There are 2 protein chains.
Amino acid sequence: MQNNSDDSQQTSAASKAYEVLRDMILNGDLPSGARITEGKIATMVGVSRTPIREAIQRLEHEHLIVNKIVVKPTETELRHTFQVRILLEGYSARCAAMFFTEKDFESLAEFVKIGRTGSLDEIMRANEQFHETIVRASNNPIMIDIIESMKSIIYLFSRTVVTRERPFLIDEHETIYETIKAHDADKAEQLMNQHLQADLDFSLHFINN
Amino acid sequence: MQNNSDDSQQTSAASKAYEVLRDMILNGDLPSGARITEGKIATMVGVSRTPIREAIQRLEHEHLIVNKIVVKPTETELRHTFQVRILLEGYSARCAAMFFTEKDFESLAEFVKIGRTGSLDEIMRANEQFHETIVRASNNPIMIDIIESMKSIIYLFSRTVVTRERPFLIDEHETIYETIKAHDADKAEQLMNQHLQADLDFSLHFINN
DNA sequence: ACGAATTAAATTGTATACATTAATAGTGAT
DNA sequence: ATCACTATTAATGTATACAATTTAATTCGT
């Protein structure tokens with residue numbers, strides 16, 4: 001997952017710790033179920049426990065850590081996350097259909113194109129950006145923030161979806177793109193719902209608990 | 001606002017700090033726009049800066065504090081919060097219509113009744129519980145958590161709605177209750193949307209920025 | 001008197017020390 | 001061997017110390 005946060009430069013110890021710890025979890029360096037101890041992580045990252053605690057608090061907010069244990073997302077949890085996502089991104093797709101400009105269409109088209117031609121990493125990134133662009137159409141920072149906070153968990157599974165090459169993934173993006181461009185708000189919402197539901201179902205098929 | 005959090009007993013300094021600070025903001029003891037300084041609050045609450053920092057982080061997550069400034073919610077911000085609320089509580093009302101049992105109906109009826117007969121504080125509380133009960137119908141901890149995190153901001157305005165006695169507030173609750181009891185999911189969602197929209201519009205009427 | 005430059009004061013971020021609590025490992029009795 | 005109990009260890013929560021920033025105040029030149 002690319003780092004979108006704006007604190008990649010200023011490298012406060014807390015932000016650095018957050019990113020390192022998050023990436024360790026997302027990469028599987030810290031396997032799900034593993035116990036997090038502040039001291040260990042602190043020496044790993046090379047800072048004191050104070051900024052580590054802050055990082056852990058952030059990651060607990062993202063549900064990547066639940067009382068000091070690296071989360072092993074269950075089927076149920078994934079369903080819950082996607083239910084919220086469907087509501088918020090469905091609404092966002094509706095907004096996109098109503099308010100998007102020519103420039104926005106171009107971005108979306110570009111992400112669809114990369115979805116067809118890019119490398120795996122590029123596809124992952126394009127997938128992410130496609131959804132991000134639509135979410136921004138809500139023009140609602142609260143909503144954007146909520147989706148952002150679910151990104152880590154989402155990432156854990158979008159990897160599955162992309163690397164296992166879920167059928168129709170990009171086709172669906174393209175249809176959504178066209179529907180948004182045609183300003184068909186109802187259909188855009190509906191298609192986004194179906195698209196996310198398909199992502200969820202595909203991911204669930206590969207979950208092993 | 002009554003304290004629902006489960007940490008009111010164990011009184012960790014951080015939780016205590018969180019509650020004190022939150023209540024100071026909600027009561028207006030710390031007026032919106034006020035600058036929060038860790039040291040001052042620490043001596044106020046009688047703990048060190050460490051747990052205060054944790055409390056501030058939590059309150060920033062709830063958007064009650066934004067970079068050390070007590071938030072003064074703008075019209076736009078309130079609209080954004082309610083947009084999310086409408087999506088999530090609308091869905092929850094739908095779930096309630098589909099899954100609620102006799103016992104749940106009784107709770108709802110009770111909160112409607114208190115809405116008609118109770119003192120101001122009791123009405124506030126009943127209003128809160130009415131919505132809480134419906135949100136729980138989603139049976140989705142992620143969703144419940146998100147609403148919970150918006151509670152402080154919501155509270156700031158539900159006070160206005162109740163003390164200024166918004167017309168039809170309780171009537172709307174009653175209609176929603178009846179619709180849920182009649183298992184009419186579509187209408188329940190629609191009525192909840194309208195109800196929250198009315199709350200928003202009424203609140204906006206008294207906002208002074 | 002006004003604004004730029006410099007100094008002083010306050011505030012935050014991080015590290016560390018200590019006290020409390022939770023987890024682990026022994027020990028002994030049945 | 002198993003369970004209860006104690007002793008040990010480790011980990012967390014909180015306080016404090018210090019360094020790095022930020023903010024406010026002061027001085028100076030024009």
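Residues numbered from 1 in each chain as written. Chains lettered and ligands numbered in written order. Predicted model: local features only at pLDDT ≥ 70, side-chain atom pairs only at ≥ 80, totals over all residues. Heavy atoms only, no water.

Per an unreviewed UniProt entry, chain A carries the name GntR family transcriptional regulator and comes from Sporolactobacillus kofuensis.

Draft legend 1. Spatial organisation of the domain arrangement of chain A. Residue and element names in this part refer to chain A. The domain architecture assigned to chain A consists of domain 1 (13-70) and domain 2 (75-205). The C-alpha-based centres of domain 1 and domain 2 are spaced at 28 Å. The partner domain 2 presents six residues to the seven residues of domain 1 that form the contact. Sorting the residues of domain 1 by area buried against domain 2 places Leu26, Glu62 and Leu64 first, and these three jointly supply 68% of that buried surface. Viewed at the interface, domain 2 and domain 1 are joined by two residue pairs in polar contact (both at pLDDT 80 or more). Sorting elements by how many residues they give to the side of domain 1 that touches domain 2 places helix H1 (residues 13-27) first, with three residues. (Domains from an automatic or database assignment. Contact = heavy atoms within 4.5 Å. Buried area = accessible area lost by both parts, 1.4 Å probe. Polar contact = N/O pair within 3.5 Å; in protein donor to acceptor, adjacent residues only side chain to side chain. Helix = DSSP H or I, 4+ residues; strand = E, 2+ residues; numbered from the N terminus.)

Draft legend 2. Layout of the pattern of salt bridges. According to the stated counting rule, one finds 36 salt bridges over all chains in the structure shown. Bridged by salt links that share partners, the residues A:Arg125, A:Glu128, A:Glu132, A:Arg136, A:Glu148 and A:Lys151 form one connected network. (Salt bridge = Lys/Arg side-chain N within 4 Å of Asp/Glu carboxyl O.)

Draft legend 3. Up close: the protein's contact with DNA strand D. The environment of DNA strand D is formed by 15 residues, the closest being A:Arg49, A:Arg53, B:Ala13, B:Ser48 and B:Thr50. Among the atoms of DNA strand D lying within 4 Å of the protein, the sugar-phosphate backbone contributes 52%. Interatomic distance of 3.1 Å between a backbone N/O atom of A:Glu38 and a phosphate oxygen of DNA strand D. Within the backbone of B:Ala13, an N or O atom sits 2.4 Å from a phosphate oxygen of DNA strand D. Secondary-structure elements contributing two or more residues to the surface near DNA strand D are helix H2 (38-45) and helix H3 (49-61) of chain A together with helix H1 (13-26) and helix H3 (49-61) of chain B. Partitioned by chemical class, the residues of the surface near DNA strand D number five nonpolar, four polar and six charged. (Near = heavy atom within 4 Å. Nonpolar A, V, L, I, M, F, W, Y, C, P; charged D, E, K, R; others polar.)

Draft legend 4. Quick peek at helix H5 (residues 102-117) of chain A. Residue and element names in this part refer to chain A. With 16 residues, H5 should reach 22 Å at 1.5 Å per residue; the first-to-last C-alpha distance of 23 Å fits that figure. Those residues of H5 that fall on the buried side of the exposure criterion are Asp104, Phe105, Leu108, Phe111, Val112 and Gly115. One face of H5 carries all of its buried residues, which in axial projection span an arc of 125°. Among the exposed residues of H5, those pointing more than 90 degrees away from its buried face are Lys103, Lys113 and Thr117. Looking at the buried positions of H5, the neighbouring elements they touch are helix H6 (120-136) and helix H8 (169-181). (Expected span 1.5 Å × (residues − 1). Buried < 20%, exposed > 50% of the residue type's maximum accessible area, 1.4 Å probe, protein only. Arc of directions from axis to C-beta.)

Draft legend 5. The arrangement of the packing of helix H4 (residues 75-99) of chain A against helix H9 (residues 185-205) of chain A in detail. Residue and element names in this part refer to chain A. Packing of H4 against H9 leaves a shortest axis separation of 8 Å and a crossing angle of 155°. As far as their axial angle goes, H9 and H4 are roughly antiparallel. Here the hand of the crossing between H4 and H9 comes out right-handed. For the pair H4 and H9, contact is made by Glu75, Leu78, Arg79, Phe82, Arg85, Ile86, Glu89, Gly90, Ala93, Arg94, Ala97 and Met98 and by Ala185, Asp186, Ala188, Glu189, Met192, Asn193, Leu196, Gln197, Asp199, Leu200, Ser203 and Leu204, respectively. (Axes fitted to C-alpha atoms, helices over the stretch in contact; angles between N-to-C directions. Parallel < 35°, antiparallel > 145°, perpendicular 65-115°, else oblique. Left-handed = near helix turned anticlockwise from the far one by under 90°.)

Draft legend 6. A look at the protein's contact with DNA strand C. Within the structure, DNA strand C sits among 15 residues, and A:Ala13, A:Ser48, A:Thr50, B:Arg49 and B:Arg53 are positioned closest to it. Among the atoms of DNA strand C lying within 4 Å of the protein, the sugar-phosphate backbone contributes 51%. A distance of 2.4 Å separates a phosphate oxygen of DNA strand C from a polar atom in the backbone of A:Ala13. Contact between DNA strand C and B:Ile36: a phosphate oxygen at 3.2 Å from a main-chain N or O atom of the residue. Elements with a minimum of two residues in the surface near DNA strand C: H1 and H3 of chain A together with helix H2 (38-45) and H3 of chain B. A per-element tally of the surface near DNA strand C places H3(A) first, with three residues. Tallied by class, residues from the surface near DNA strand C come to five nonpolar, four polar and six charged.

Draft legend 7. Broad picture of the environment of B:Ala137. Residues and elements named next belong to chain B. Note on placement: Ala137 falls in the loop between helix H6 (120-136) and helix H7 (141-163). As a C-alpha pair, Ala137 and Val70 span 67 residues in sequence and 33 Å in three-dimensional space. Filtering out sequence-adjacent residues up to four positions away, Ala137 remains in contact with Ser92, Cys95, Ala96 and Phe100.

Draft legend 8. Layout of the side chain of B:Glu128. The residue B:Glu128 is located in helix H6 in this model. A distance of 3.4 Å separates polar atoms of two side chains, one belonging to B:Glu128 and the other to B:Lys151.

Draft legend 9. Just the packing of aromatic side chains, in detail. All names here are of chain A. Applying the stated criterion across every chain yields a total of four aromatic pairs over all chains. Aromatic side chains Phe100 and Phe105 sit 6.4 Å apart centroid to centroid with 80° between the ring planes, which places their arrangement in the edge-to-face category. Like Phe100, the residue Phe105 is buried in the burial classification. In this structure, Arg58 packs its charged tip against the face of Tyr18, placed 5.0 Å from the ring centre. (Phe/Tyr/Trp six-rings, centres within 6.5 Å; stacked < 30°, edge-to-face > 60°. Lys NZ or Arg CZ within 6 Å of the ring centre and 35° of its normal.)

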